[in-house]
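The primary structure of each chain is shown beneath.
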Amino acid sequence: ESEQWPALTGVHTVLLTALAYGLRNRLNLIHAAICFFISIGGTMSYLADWGAYSLHISSPLRFLGIGIGVLGLAWLHAKRVALAFQPFARVYAHLGLLLIHLSLWFLALFGNFEDTPDWGGDKAERLVFTVVWGVVSVLSLWLAGVLGQRVLRGYGLTFLIINVYTFYFQFVVPETGELW
């Protein structure tokens, strides 16, 4: 089993991104974004000695930072980049929002961890991240109304529902077992 495939996928990402900009083709950029997601997931998986790729977010705060950076790229493409590349903003927005919400979900489930998630992590820390995730979701919904961006509304609503569901099964059900 080779541990080099995430690096090869990363090279593939760079080449696809260059091709997307060269051809002004959003579909190539979508392919590059998917390869980027797979490459960083695979790299983190091997760094944590998990072997083959899984949706392994070893250090969700790192993914949160990457997501914020990618969302910044979306803003740059929407406001500052040449008109020909403005459609790329939507691709970057989807990738950034997905990374942000997935990392906040993992933080709400496990707390802040480096290599191996712990189901029995600090409850207070998980509650704080659950609240932060809820605020980000509600802020996405509010910004969707202000800016008219449906992508924000979709991610905000979807992950707010997941957040409430996660909160219920993490904090309410374990404390009310006798009632059931």
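Residues numbered from 1 in each chain as written. Predicted model: local features only at pLDDT ≥ 70, side-chain atom pairs only at ≥ 80, totals over all residues. Heavy atoms only, no water.

### Describing helix α4 (residues 88–110)
Put simply, the rule reads: A run of DSSP states H or I qualifies as a helix once it reaches four residues; a run of E qualifies as a strand once it reaches two. Both are numbered from the N-terminal end. Helix span, as expected, comes to 1.5 Å for every residue beyond the first. When a residue's accessible area, from a 1.4 Å probe over protein chains only, is under 20% of the maximum for its type it is buried; when over 50% it is exposed; and in between it is partly exposed.
Compared with the 33 Å implied by 1.5 Å per residue over 23 residues, the 33 Å span of α4 between its first and last C-alpha is a close match. Of all 23 residues in α4, 19 are buried, a share of seventy percent or more. Downstream of α4 by a residue or two, G111 has a phi angle that is positive, lying close to 80 degrees.

### A short note on the packing of helix α3 (residues 60–79) against α4
The following threshold applies: To obtain each axis, a line is fitted to C-alpha atoms, and for helices this fit is confined to the stretch in contact; angles are then taken between N-to-C directions over 0 to 180 degrees. Just so you know how the angles are binned, under 35 degrees is roughly parallel, over 145 roughly antiparallel, 65 to 115 roughly perpendicular, and the rest oblique. Two helices crossing with the near one rotated counterclockwise from the far one by less than a right angle form a left-handed crossing, whereas a clockwise rotation gives a right-handed crossing. When residues are sorted by character, Ala, Val, Leu, Ile, Met, Phe, Trp, Tyr, Cys and Pro go into the nonpolar class, Asp, Glu, Lys and Arg into the charged class, and all the rest, Gly among them, into the polar class.
The interhelical angle for the contact between α3 and α4, taken along N-to-C directions, is 160 degrees, at an axis separation of 7 Å. Compared by their axis directions, α3 and α4 come out roughly antiparallel. Helix-helix and strand crossings are classified by hand; for α3 and α4 the assignment is left-handed. For the contact of α3 with α4, the class distribution of residues is 22 nonpolar, four polar and no charged.

### Notes on the nonpolar core
So the rule is basically this: In this description, a nonpolar core means a group of buried Ala, Val, Leu, Ile, Met, Phe, Trp, Tyr and Cys residues linked to one another through side-chain atoms lying within 4.5 Å. Note on contacts: a residue pair is in contact if any heavy atoms of the two residues lie within 4.5 Å.
By size, the foremost hydrophobic cluster in this structure holds 17 residues, and its most contacted members are L29, F63, F88, Y92, L95 and L99. Per element, the largest residue contribution to this core is seven residues, and it comes from α4. With near-sequence residues (within four places) excluded, L29 lies in contact with T17, A20, Y21, F88, V91 and Y92. Membership of the second largest hydrophobic core comes to 13 residues, among which are I100, L104, F129 and F159.

### Quick look at the packing of α4 against helix α6 (residues 150–172)
Relative orientation and spacing of two packed helices are given, respectively, by the angle between their axes and the distance between those axes. Direction vectors running N to C along α4 and α6 enclose 10 degrees, while the axes themselves pass 11 Å from each other. Viewed along their axes, α4 and α6 adopt a mutual orientation that is roughly parallel. The segment α4 lies against α6, with R90, H94, L97, L98, H101, W105, A108 and L109 engaging V151, L152, Y155, F159, I162, T166 and Q170. In terms of residue class, the contact of α4 with α6 is made up of 10 nonpolar, four polar and one charged.

### Things to note about a nonpolar patch on the surface
We apply this condition: Residues qualify for a patch when their relative accessible area is over 30% and they have no salt bridge, like charges being joined within 9 Å and the nonpolar side chains of Val, Leu, Ile, Met, Phe, Trp and Tyr within 5 Å. Surface exposure here means Shrake-Rupley accessible area, sampled with a 1.4 Å probe, where a residue is shielded only by the protein chains that are shown. Salt bridge, as used here, is a side-chain nitrogen of Lys or Arg placed within 4 Å of a carboxyl oxygen of Asp or Glu.
A cluster of nonpolar side chains, namely L27, I30, I34 and I38, defines an oily patch on the protein surface of about 350 Å² accessible area. Mapped onto the elements, L27 comes out in helix α2 (residues 26–47). Given a relative accessible area of 61%, L27 falls into the exposed group.

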